[in-house]
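# Reading the structure
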Amino acid sequence: MRDHDWMKARFLGITELSQTPPVAVVVDVMRAFTVAAWAFAQGAEKIVLAESLDEALTLKARHPDWVALKDGPPAPGFDTVNSPGLLRSVDLGGRTVVQKTTAGTVGALAVKEAPLVLCAGFVVAEATARLLRTRECDSVTFVITGEDGHADEDLACAQYIARRATEPGTDAAEFLRRAGESRAAAELREGVRQGVHPDDVALCLELDRFPFAMVATQEDPLMVLRPCTVPALTDQASI
Ligand SMILES: O=C(O)[C@H](CS(=O)(=O)O)OP(=O)(O)O
Ligand SMILES: [Mg+2]
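So, here's what we can say about the structure. (Residues numbered from 1 in each chain as written. Chains lettered and ligands numbered in written order. Predicted model: local features only at pLDDT ≥ 70, side-chain atom pairs only at ≥ 80, totals over all residues. Heavy atoms only, no water.)

### Looking at the packing of aromatic side chains
Rules: Pairing of aromatic side chains requires ring centres within 6.5 Å, counting the rings of Phe and Tyr and the six-membered ring of Trp. Pairs whose planes differ by under 30 degrees are stacked, by over 60 edge-to-face, and all others tilted. Strands here mean DSSP runs of E at least two residues long; helices mean DSSP runs of H or I at least four residues long; both are numbered from the N terminus. Three exposure classes are used, based on accessible area relative to the maximum for each residue type with a 1.4 Å probe and protein chains only: buried under 20%, partly exposed in between, and exposed over 50%.
Overall, the coordinates contain 6 aromatic pairs when judged by the stated rule. Ring plane angle 90° and centroid distance 5.1 Å describe the contact between W38 and F210, whose orientation is recorded as edge-to-face. Within this pair, whereas W38 is found in helix α1 (residues 32-41), its partner F210 is found in the loop between α9 (200-204) and β10 (212-219), the two being separated by 172 residues in sequence. By relative accessible area, W38 is classed as buried at 5%.

### Here's the deal with the coordination of the magnesium ion (ligand 2)
To keep things clear, this is the line we draw: Counted as donors are the N, O and S atoms within 2.8 Å of the metal, or 3.2 Å for Na, K and Ca, while water is not among the atoms, so some sites may look incomplete.
Around the magnesium ion (ligand 2), the protein supplies D28 (OD) and M30 (O) as donor atoms, at distances of 2.2 to 2.3 Å. The residues D28 and M30 share a single accessibility class, namely buried.

### What about the nonpolar core?
Keep this limit in mind: The nonpolar core is taken to be a set of buried Ala, Val, Leu, Ile, Met, Phe, Trp, Tyr and Cys residues, with the residues joined through side-chain atoms within 4.5 Å.
The biggest cluster of nonpolar side chains holds 74 residues, and the ones touching the most others in it are M30, L132, F142 and M214. For this core, the leading source of residues is α1, giving 8 residues. Counting 10 residues, the second largest nonpolar core, distinct from the first, contains A68, F78, V98 and V224.

### Let's talk about the site of ligand 1
The criterion, for reference: Any residue with a heavy atom lying within 4 Å of a molecule or strand is counted as near it. A 3.5 Å cut-off defines polar contacts: any pair of N or O atoms within that distance qualifies, except that in protein one atom must be a possible hydrogen donor and the other a possible acceptor, and neighbouring residues in sequence count only when both atoms are side-chain atoms. Accessible surface is estimated by sampling points in the Shrake-Rupley manner with a 1.4 Å probe; for residues, cover comes only from the protein chains shown. Each residue is assigned to one class: nonpolar for Ala, Val, Leu, Ile, Met, Phe, Trp, Tyr, Cys and Pro, charged for Asp, Glu, Lys and Arg, and polar for all the others, Gly among them.
Residues in contact with ligand 1, as listed here, are D28, M30, R31, A32, D71, N82, T101, T102, A103, G104 and R193. In the environment of ligand 1, an oxygen atom lies 2.9 Å from a nitrogen or oxygen atom belonging to the side chain of D28. About the coverage of ligand 1: the protein hides 84% of its 360 Å² of free accessible area. Counted by class, the shell around ligand 1 contains 3 nonpolar, 4 polar and 4 charged residues.

This is the structure we're talking about:
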């Protein structure tokens, strides 16, 4: 645990979650929650976080107008893949996206009972930090979704958001450098991972590209992610 002034921050891998936290920030920089933010920027109304590939396909069959998205290579029944570079040219106006990935969506579903669940990457870092400040969240569990809690792009982003929530002047450069040198970034650049656009790493490292945070709630029986705009408070400059 790390004490950030008024906010206690824990950084845990998915398998280390032993109890329901009051506030969870689920971090997946590469690439689930960068993709989710791009989906909202492209007009998606909501994102259903699917428990399994089968559930995603079942939901798609039940709602043919929904957009089914998975990580890895393209697959029958799915409309697209987990790539911000590919998604940024897709018009998702008013659509519902169903997303299933290896790490990000699993991490969010692992804390679905938490009263407040945010999903984050660098592209929504400031909005996420601002929401934590606005709601005066004094105990926050950051879920490091990649590599059993050791993915440095996720840990760096989580540590940055935690610092940014309590110290608005925090410089992002060192955190972004770590993410850019992470194993995930190397695998995306080198073509080890599939369903990749050449711009994916750069898009995942765009600090504060979007002005909204992303809040996941249970809309029984589904877990649904939606954008949440957090107004800047005039007194936040003095925090
Ligand atoms: O799409 C991703 O980058 C990863 C899966 S893989 O490592 O490419 O197979 O999924 P995510 O849940 O977004 O980390
Ligand atoms: Mg990841």
